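One letter stands for each residue in the lines below.
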Amino acid sequence: MSSVRRCSRTACGRPAVATLTYVYADSTAVLGPLATYAEPHCYDLCAEHAERLTAPRGWEVVRLAAEAGPLRRSSDDLEALANAVREAARPQTPRQVRGPEGESNEGGRRGHLRVLRSPDN
């Protein structure tokens, strides 16, 4: 078994240099340096496919620059990653919505609709 990860594109056998991840909630494709480990929902790409990457209409491509030096992991990096995963997994709760006089009304948001409580209740 080869220790070099290969490009995920069909019929491409070149070595991978970048990892592609999708953030569906934000309609964003994130292309960054090759991840330390192969993840099930990420795609490793060779230099050519990473350079030619395009996203569907309405989506944004975010390209993260590779750091010049060797990759060093710190506990801060791992903690930030764990916090991001916890935040993404947290169920959505109703937001505090300010009324016209600044008073707080409990409200929720669902899609493009917002529910506001009456100040009389």
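Small disclaimer: the values here were computed from a predicted structure and weren't measured. (Residues numbered from 1 in each chain as written. Predicted model: local features only at pLDDT ≥ 70, side-chain atom pairs only at ≥ 80, totals over all residues. Heavy atoms only, no water.)

Enquirer: Is there a simple way to explain the overall build of the protein chain in this structure?
Expert: A tally of helices and strands in the protein chain yields two helices and seven strands. For the protein chain, the sequential pattern of α-helices and β-strands runs β-β-β-α-β-α-β-β-β. Counting only residues that meet the buried cut, the protein chain has 17% of its 121 residues in that class. The contacts in the protein chain between residues at least 6 apart in sequence include a share of 44% that link residues at least 24 apart. (Helix = DSSP H or I, 4+ residues; strand = E, 2+ residues; numbered from the N terminus. Buried < 20%, exposed > 50% of the residue type's maximum accessible area, 1.4 Å probe, protein only. Contact = heavy atoms within 4.5 Å.)

Enquirer: For this particular structure, what's the right way to read the confidence of the model for the protein chain?
Expert: Residues of the protein chain with pLDDT of at least 70 account for 68%, and the chain-wide mean is 77. When pLDDT is averaged over each helix and strand of the protein chain, the minimum, 51, is found for strand 6 (residues 104–110) and the maximum, 95, for strand 3 (residues 43–45). (pLDDT = per-residue confidence, 0-100.)

Enquirer: Explanation requested: the pairing of strand 1 (residues 18–23) in the structure shown.
Expert: Two faces belong to every sheet, and in a regular strand the side chains alternate between them. As paired elements, strand 1 and strand 2 (residues 28–33) share six bridges and run antiparallel to each other. In the strand pairing of strand 2, V23 is matched with T28. Connecting strand 1 to the antiparallel partner strand 2 that follows it, the hairpin turn spans four residues, and S27 within it adopts a positive phi of roughly 50°. (Pairing = 2+ DSSP bridges.)

Enquirer: What should I look at first to understand the state of the cysteines in this one?
Expert: Working definition of a disulfide: a covalent bond connecting the sulfur atoms of two cysteines. Applying the stated criterion across every chain, the model contains zero disulfides. With no disulfide of its own, C12 has C46 as its nearest cysteine by sulfur position, at a separation of 3.8 Å. For C12, a relative accessible area of 13% gives the class buried. Classification of C46 by relative accessible area gives buried; the value is 1%. (Disulfide = S-S within 2.5 Å.)

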